[in-house]
Amino acid sequence: MGPSGSGTTAAAAGAWRPSPRELERRAARRRQGRRRLLLASLSTLVVLGALVAVVVTSPGWPRVRETFFSPYHARESFPAIVDGFWLNVKLFVLCQPAILVLGLLVALARGTHSPWMAPLRLLAVVFTDVLRGIPTLLLVLLLGFGMPALELQGLTNDRYVWAGVALVLSYSAYVAEVFRAGIESVHPSQIASARALGLGHVRTLRHVVVPQAVRRIVPPLLNDFVSLQKDTALVSAVGVFDAVFTAQDYGLYNFNFTPLVVVSAFFVVMTVPLARLTDWLQRRVVERERAGGVA
Amino acid sequence: MSAPDAGGESTRDREPVLRVRGLRKAYGERLVLDDVDLDVHAGDVVCLIGSSGSGKSTLLRCLDLLEPVDDGTIHLDGVEITDPAVDERAVRRRIGMVFQAYNLFPHLTVLENCTLAPRHAHGVRRREARDRALGLLERFGLAGHADQHPDRLSGGQQQRAAVVRALCTRPELLLLDEITAALDPELVGEVLDIVRDLAAGGTTMVLATHEMSFAREVATTVCFLEGGRILEQGPPARMFSDPTHERTRSFLKRVLAP
Ligand SMILES: Nc1ncnc2c1ncn2[C@@H]1O[C@H](COP(=O)(O)OP(=O)(O)OP(=O)(O)O)[C@@H](O)[C@H]1O
Ligand SMILES: [Mg+2]
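For clarity, every value in this text was computed on a predicted model and none was experimentally measured.

I'm lost on the interface of chain B and chain A in this one. Help?
Reports of interface size often rely on the accessible area that becomes lost once the parts have come together. In this complex, chain B contributes 16 residues to the contact, which on the side of chain A involves 15 residues. Both faces combined, the contact of chain B with chain A buries some 1,100 Å², and carbon together with sulfur accounts for 42% of it. Counting the surface chain B buries against chain A, the share from its top three residues, Arg24, Asp71 and Pro84 of chain B, is 45%. Here chain B and chain A share 3 salt bridges between them. Among the salt bridges present, the one from arginine 21 of chain A reaches aspartate 83 of chain B, with a minimum N-O distance of 3.3 Å. Along the contact surface separating chain B from chain A lie 8 residue pairs in polar contact (both at pLDDT 80 or more). It is strand 4 (residues 71-76) of chain B that provides the largest number of residues to the side of chain B that touches chain A, a total of 3 residues. When the residues that make up the side of chain B that touches chain A are grouped by side-chain class, the tally is 4 nonpolar, 3 polar and 9 charged.

Got a minute to help me understand the site of ligand 1 in this structure?
Close contacts around ligand 1 come from 16 residues, with Arg30, Ser52, Lys56, Ser57 and Thr58 of chain B the closest. Residues lining ligand 1 come from chains A and B. Glycine 53 of chain B has a polar backbone atom sitting 2.8 Å from an oxygen atom of ligand 1. Contact distances for ligand 1 include 3.0 Å between an oxygen atom and a side-chain N or O atom of glutamate 178 of chain B. Summarising the interface, the protein chains cover 72% of the accessible area of ligand 1, which totals 640 Å² for the free molecule. Among the elements of the structure, strand 2 (30-40) and helix 2 (56-63) of chain B are those that each provide at least two residues to the shell around ligand 1. For the shell around ligand 1, the leading source of residues is helix 2 of chain B, giving 4 residues. Here the residues of the shell around ligand 1 are counted per class, giving 3 nonpolar, 9 polar and 4 charged.

Explain unusual backbone geometry to me, please; I cannot follow it from the model alone.
As a rule of thumb, non-glycine residues mostly have phi less than zero, and peptide bonds are mostly trans rather than cis. Even without being glycine, glutamate 151 of chain A reaches a positive phi, approximately 50°. Among the secondary structure elements, glutamate 151 of chain A is positioned in the loop between helix 6 (136-150) and helix 7 (159-185). Its relative accessible area of 61% is what places glutamate 151 of chain A among the exposed residues. A positive phi angle, close to 55°, is found at aspartate 35 of chain B, a residue other than glycine. Inspection of the secondary structure assignment puts aspartate 35 of chain B in strand 2. Residue aspartate 35 of chain B is classed as partly exposed on the basis of its relative accessible area, which comes to 43%.

Mind showing me how you'd approach the nonpolar core here?
Here is a general trend for soluble globular proteins: nonpolar side chains tend to be buried in one another's company. Judged by nonpolar contacts, the single largest core of 45 residues is most densely connected at Ile49, Leu137, Leu176, Val195, Met205 and Leu207 of chain B. Per-domain counts for this core show at least three residues from each of domain 1 (12-94 + 172-255) and domain 2 (107-171) of chain B. In this structure, valine 195 of chain B is in contact with Leu176, Ile179, Met205, Leu207, Phe214 and Val218 of chain B, ignoring residues within four places of it in sequence. Counting 36 residues, the second-largest nonpolar core is a separate cluster that includes Ala166, Val178, Phe179 and Leu221 of chain A.

Any chance you could explain the packing of helix 4 (residues 110-120) of chain B against helix 5 (residues 126-139) of chain B here in plain terms?
The description of two helices packed together rests on the angle between their axes and the distance between the axes. Residue and element names in this part refer to chain B. Close contact between helix 4 and helix 5 brings their axes to 9 Å; oriented N to C, the two are set at 130°. Regarding the angle of helix 4 to helix 5, the classification is oblique. Between helix 4 and helix 5 the crossing geometry is right-handed. Contacts between helix 4 and helix 5 involve Val110, Leu111, Cys114, Thr115, Pro118 and Arg119 from the former and Arg126, Ala129, Arg130, Arg132, Ala133, Leu134 and Leu137 from the latter. In terms of residue class, the contact of helix 4 with helix 5 is built from 8 nonpolar, 1 polar and 4 charged.

Is there a simple way to think about the environment of glycine 84 of chain A in this case?
Residue and element names in this part refer to chain A. Tracing the backbone through its elements, the reader meets glycine 84 in helix 4 (residues 71-110). Here the alpha-carbon distance between glycine 84 and serine 189, two residues 105 residues apart in the chain, equals 51 Å. If we skip the residues at most four places from it in the chain, glycine 84 touches Phe241, Asp242, Ala243 and Thr246.

What is the right way to look at a nonpolar patch on the surface in this model?
Among the surface-exposed residues, Val64, Phe68, Phe69, Leu252, Phe257 and Leu260 of chain A lie close enough to one another that they form a single nonpolar patch of about 510 Å² accessible area. Of the residues examined, phenylalanine 257 of chain A reaches a relative accessible area of 34% and is grouped as partly exposed.

Would you mind going over the sheet that holds strand 4 of chain B with me for this structure?
What links the strands of a sheet is backbone hydrogen bonding, and the strands pair in either a parallel or an antiparallel sense. Spatially, 2-1-4-5 (chain B) is the arrangement adopted by the 4 strands of the open sheet, whose pairing is antiparallel. Edge strands, defined here as strands with exactly one partner in the open sheet, are strand 2 and strand 5 (79-80) of chain B. With 7 bridges connecting them, strand 1 (residues 18-27) of chain B and strand 2 of chain B associate as antiparallel partners. When the sheet's bridge partners are listed, alanine 26 of chain B is paired in strand 2 of chain B with leucine 31 of chain B. Helix 2 (residues 20-57) of chain A contacts strand 4 and strand 5 of chain B of the sheet and is inclined by roughly 85° relative to strand 4 of chain B.

Conventions we followed
Residues numbered from 1 in each chain as written. Chains lettered and ligands numbered in written order. Predicted model: local features only at pLDDT ≥ 70, side-chain atom pairs only at ≥ 80, totals over all residues. Heavy atoms only, no water. Contact = heavy atoms within 4.5 Å. Buried area = accessible area lost by both parts, 1.4 Å probe. Salt bridge = Lys/Arg side-chain N within 4 Å of Asp/Glu carboxyl O. Polar contact = N/O pair within 3.5 Å; in protein donor to acceptor, adjacent residues only side chain to side chain. Helix = DSSP H or I, 4+ residues; strand = E, 2+ residues; numbered from the N terminus. Nonpolar A, V, L, I, M, F, W, Y, C, P; charged D, E, K, R; others polar. Near = heavy atom within 4 Å. Areas by Shrake-Rupley, 256 points an atom, 1.4 Å probe, with all protein chains shown as cover. Buried < 20%, exposed > 50% of the residue type's maximum accessible area, 1.4 Å probe, protein only. Core = buried A, V, L, I, M, F, W, Y, C linked by side-chain atoms within 4.5 Å. Domains from an automatic or database assignment. Axes fitted to C-alpha atoms, helices over the stretch in contact; angles between N-to-C directions. Parallel < 35°, antiparallel > 145°, perpendicular 65-115°, else oblique. Left-handed = near helix turned anticlockwise from the far one by under 90°. Patch = residues over 30% accessible without salt bridge, like charges linked within 9 Å, V, L, I, M, F, W, Y side chains within 5 Å. Pairing = 2+ DSSP bridges.

Right under this line is the structure:
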């Protein structure tokens, strides 16, 4: 413990040791933490246990277990579902960036002020109103069956592709509104400060408004993307052999609905990493930029 | 010009309202408060002075339990509030705080800002909270702005509204963080009157300020902070005319220079 050799002031400052009171406090906080953890675990166990008990003791449970939770059918349908799910994943990965770009463009178009841009503004308003108004399923059906029927030269007749286009259009309308809300939530004084620094309209948007807006809209955007991940299942409506169509097909053929539960699990597993990533991003922003918050 | 210490001896013997011992606060590697000791007695007006970044705001936030401290203790009326078992909200209900950047709630009118805490944290009846707030707003010359949203007010008006908001809960201890920084000289005088008024009414205050004349005028104790330590403290008469520390002297010379 003794300071050996040449103890400088810097070393003395670095050699701070928590006082006994502080150590006591830390121990108390640890005890508090343990007690909270214990309480949380206990209450979770009780609630989950009760739920499981209610389901398992219900009179219809044995039949439900056979038709929805059959390990045999889960194994049997698994390979086909994996193949189908790959189509869902591909659709999501391709649509997502397209939606972000189109959504941002529509939002920016609505935010323009110049009179020359009036037609563009009008177009953007009509775009969001119409495409947000049509149920996504209808849009998928209309484009998936309608566009190939037109037999247009040079355009694909692949229903899968047209269903993807329908998803992009529908979700861009949603995402555009999220972007617009984010942009409008940036306080006017921020725009005034940027203007005062001599930044033009576009630079102000690019360096001050959009970065702040994006931080705020990450949670709602994630929400829309989780929704999109699930809505890739709508392509099953136009007869594309995605995971859902495959599972339905198997279920109707074998009179067993276990594949539907398997597909549900697939979708849940796909959405979880995105949710965790967003949580992490949000926390990092809070830690870096916000001070004086109360836990 | 009555010496603030004249009747002070009797209060010195009593338990201080606020007793800070060995307070330490670090942000990561950066030590912001280092072994801070401070006693605030009932009726005291303690002014924290010191250069920008010396830790004044951080000290005030620690006193209001808005920041967890890394070591040391804070006692409020003899009860340790840095104890993990203590109810932080109950403590904060007894302390009023006004921030450097007003922090009024932009979505509420001035009046709603002022009645929020009395109604929802102190259980004051709607009518009484309203009357109390209107009375204080009137006294601070804000009666005409009660129904406006804070963004419509000038900086000085916003700051006065923030003071009213803190007073509406009738705190035992008022923490003020540079409340005059954004005010024009005329309004500084007005707020100074009000602070002196509050002090005369027995409100105990700790305030951070860059306004030396303000500190000299209103303080019973002046504390000079430097690098997170209270280097020196004493009655304003001595602190401003005859500081012991060389650092205090050079700081005062710097800020008092015309
Ligand atoms: N949340 C935080 N994270 C990291 N460092 C911080 C944080 N808050 C304050 N600091 C640092 O702590 C130091 C003290 O800050 P504080 O705001 O208490 O100073 P101050 O005395 O109030 O200054 P001023 O007179 O300019 O208001 C500063 O150096 C600042 O950089
Ligand atoms: Mg400060």
